[in-house]
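# Examining the three-dimensional arrangement
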Amino acid sequence: MIERIHVEGLHVQAHVGVSDDERGQAQTLVFNVTVVPDIPELCDDLAAAVDYTAIARITTEVVNRSRSKLIETLAETVATELLAQFKLRRATVEVRKFVLPHTQYVAVTAVREAKSLTRE
């Protein structure tokens, strides 16, 4: 069984930010996405697998549709959409934004689990 699939450093242009000025210009966000598939047995069939190309495409599509002001909301929306689109146990989405001087980036991470696995 595959423990996780990871897409590192997906660059996506986004209109995100609290102020109208910040949202007015596209800025590059970097996504690191890790998913834990809910696939009982590994087989050599893409139709039965989690396609990492589709993970990147869906992440980009969600960002392109989004009007989120906060990268926190954006990370959560991407994680939720990945859980809806694939048979996953968990989706972890880190979003990096390059806005503060004297820093490499600021980042948020959303971790969401499939509802069927959440037990109390």
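Residues numbered from 1 in each chain as written. Predicted model: local features only at pLDDT ≥ 70, side-chain atom pairs only at ≥ 80, totals over all residues. Heavy atoms only, no water.

### Structural notes on the overall build of the protein chain
The number of helices and strands found in the protein chain is three helices and four strands. C-alpha extents for the protein chain along the principal axes are approximately 50 × 35 × 25 Å. Out of the 120 residues in the protein chain, the part that is buried amounts to 38%. When contacts within the protein chain are restricted to residue pairs at least 6 apart in sequence, those whose partners lie at least 24 apart make up 59%. Each charge class in the protein chain can be summarised by its mean position, and for the 14 positive and 17 negative side chains these summaries are 4 Å apart. (Helix = DSSP H or I, 4+ residues; strand = E, 2+ residues; numbered from the N terminus. Buried < 20%, exposed > 50% of the residue type's maximum accessible area, 1.4 Å probe, protein only. Contact = heavy atoms within 4.5 Å. Lys, Arg positive; Asp, Glu negative; His and termini not counted. Charge placed at Lys NZ, Arg CZ, Asp CG, Glu CD.)

### Side note on helix 2 (residues 52–65)
The terminal C-alpha atoms of helix 2 lie 20 Å apart, and with 14 residues this matches the ideal 20 Å at 1.5 Å per residue to within 8%. For helix 2, the complete set of buried residues consists of Ala-54, Ile-55, Ala-56, Ile-58, Thr-59, Val-62 and Val-63. The secondary structure elements touched by the buried residues of helix 2 are strand 1 (5–14), strand 2 (27–37) and helix 3 (71–85). For helix 2, the N-terminal cap is Asp-51; the gap from its side-chain oxygen to the backbone nitrogen of Thr-53 is 2.9 Å. (Expected span 1.5 Å × (residues − 1). Polar contact = N/O pair within 3.5 Å; in protein donor to acceptor, adjacent residues only side chain to side chain.)

### As for helix 3
The α-helix winds at 3.6 residues per turn, so residues separated by three or four positions along the chain end up facing the same way. Across its 15 residues, helix 3 extends 21 Å between first and last C-alpha, which sits within 8% of the 21 Å expected from 1.5 Å per residue. Buried residues of helix 3: Ile-71, Leu-74, Ala-75, Val-78, Ala-79, Leu-82 and Leu-83, and no others.

### Some points on the sheet that holds strand 1
As summarised here, the arrangement of the four strands in space is 1-2-3-4, forming an open sheet in which the pairing is antiparallel. What marks the edges here is a single partner per strand, and that holds for strand 1 and strand 4 (106–113). Strand-to-strand, the axes of this sheet are offset by a mean angle of 20 degrees, without reference to chain direction. Judged from the nine bridges that link them, strand 2 and strand 3 (residues 88–97) form a sheet pairing that is antiparallel. Bridged to Thr-34 within strand 3 is Thr-92. Contacts from helix 2 reach strand 1 and strand 2, with the element oriented near 30 degrees to strand 1. The sheet contacts of helix 3 involve strand 2, strand 3 and strand 4, and relative to strand 3 the element is tilted by about 150 degrees. (Pairing = 2+ DSSP bridges. Axes fitted to C-alpha atoms, helices over the stretch in contact; angles between N-to-C directions.)

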